[in-house]
Amino acid sequence: MKIFWFLPTHGDSRYLGTTLGARTVDHSYLTQVAQAADRLGYEGVLIPTGRSCEDAWIVAASVVPLTQRLKFLVAIRPGIISPTVSARMAATLDRISNGRLLLNVVTGGDPDEQRGDGSFLSHTERYEEAQEFLTIWRQVAAGETVSYQGKYISVENAKALYPSVQQPHPPLYFGGSSDVALNLAAEQVDVYLTWGEPLAAVAEKLRDVRERAAKHGRTLKFGIRLHVIVRETSEEAWRDAASLISHVSDETIAAAQAAFARFDSVGQQRMAALHQGQRNKLEVAPNLWAGVGLVRGGAGTALVGSAAEVAERIREYQALGIETFVLSGYPHLEEAYRTAELLFPLLDLTLSNQTNKTTLEGPRGEVIANDIVPPKAFNVLQDKAA
């Protein structure tokens, strides 16, 4: 099991849907979050993409030299950039980071944003274009010289002269819920990501992807994208979940849901269906809360509960075959620490800082009375969580 965190390049706050508790997300703050994740042992960080975000590639390139082991999951955008240029960019950043680049294939879900970026294709056409894009991209990234004539993309003598550190190329991650998206995943990517839905829905989706991939002689790895509100007790966690949306007005919810309704993303439609824009339908499964999705696009569910409860829910997803958990919480700096301190000891993790195992254990708090070193207290926290 590997745990990722999130760089909030589209903003961060203690409360959703309001400026109250908001903080400036500048390079200094993003560096703080990235360095915290690096030090705590998170495998990597997801950097979001889109017009509401700072550019993911520039952010990643600027923070790579300020971290040691952390990996960066950065978007490539079929239809927005050429596959050959994208492959060369990826190889460069992978070399500069010494093999710490991961790639998130994003086909887009907001037609208005797509048109603003020059893409006027329909939902299905975008995925057809993405198939061509990745066919070219993977060959060029692997060092091949490619000539290709497609319906949407044509290249002649395309190549990248400098290879990436990771071979044949940095791993490709992808999330999508439509039929054409699942076909793309089965044929082209390395890790399929799903947003946080109830166990039965996730199990069915993973089964479907496995069967489609098997027809191409391929096997995929799996990951899930979730927010998390983990506390020492369940009561504290649910109280903080309610607090997170306590300043969201009904008008703000209605405006957000109206905006999401224009999206042609099936995944976004599935997120919206979990709560239907209503505050009284937010616990959609044990410890799975859809409150974030009232005003946030994309991943809209959070695991809420004590450390023991959240760890148990994570193990249930793991039992379905999910290896990578991409988590986040508000505010992202403090919650990176809280999640690591409370949750990591309860999970069988592969931590990126295994050469520095004292990060979560020492120096065990503040020395007492200039002489006494506090004893380890994780067992106390676990007992309280249980």
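Fair warning: this is a prediction, and the values are worked out from it, not measured in the lab.

A. Expanded view of the pattern of salt bridges. Across all of its chains, the model carries 22 salt bridges by this definition. Of the charged contacts in the structure, one is a salt bridge between Lys151 and Glu128, with a shortest N-O distance of 3.8 Å. Here Lys151, found in the loop between strand E7 (146-149) and strand E8 (154-158), pairs with Glu128, found in helix H5 (residues 123-141); they are 23 residues apart in sequence, far enough to count as distant. Classification of Lys151 as exposed rests on a relative accessible area of 64%. The salt bridge partner of Asp179 is Arg212, with a shortest N-O separation of 2.7 Å. Of this pair, Asp179 sits in helix H6 (residues 179-188) while Arg212 sits in helix H7 (residues 199-214); the two residues are 33 residues apart in sequence, bridging distant segments of the chain. Salt bridges here are not isolated pairs; linked through shared partners, they connect Arg231, Arg239, Asp240, Glu335 and Arg338.

B. Focus on the packing of helix H2 (residues 56-63) against helix H3 (residues 83-96). Their axes nearest at 10 Å, the elements H2 and H3 cross at an angle of 20°. One way to sum up the angle between H2 and H3 is to call them roughly parallel. Viewed along their axes, H2 and H3 form a crossing whose handedness is left-handed. Residues Trp57, Ala60 and Ala61 of H2 pack against Met89, Ala90 and Leu93 of H3. Of the residues belonging to the contact of H2 with H3, the class tally is six nonpolar, no polar and no charged.

C. View of the packing of H6 against H7. Contact geometry for H6 and H7: axes closest at 8 Å, N-to-C directions at 55°. When the axes of H6 and H7 are compared, the pair comes out oblique. Relative to H7, H6 is oriented so that their crossing is right-handed. Across the interface between the two elements, Asp179, Leu182, Asn183 and Ala186 from H6 touch Lys205, Asp208, Val209, Arg212 and Ala213 from H7. Looking at the contact of H6 with H7 residue by residue, the class counts come to four nonpolar, one polar and four charged.

About the thresholds
Residues numbered from 1 in each chain as written. Predicted model: local features only at pLDDT ≥ 70, side-chain atom pairs only at ≥ 80, totals over all residues. Heavy atoms only, no water. Salt bridge = Lys/Arg side-chain N within 4 Å of Asp/Glu carboxyl O. Helix = DSSP H or I, 4+ residues; strand = E, 2+ residues; numbered from the N terminus. Buried < 20%, exposed > 50% of the residue type's maximum accessible area, 1.4 Å probe, protein only. Axes fitted to C-alpha atoms, helices over the stretch in contact; angles between N-to-C directions. Parallel < 35°, antiparallel > 145°, perpendicular 65-115°, else oblique. Left-handed = near helix turned anticlockwise from the far one by under 90°. Contact = heavy atoms within 4.5 Å. Nonpolar A, V, L, I, M, F, W, Y, C, P; charged D, E, K, R; others polar.

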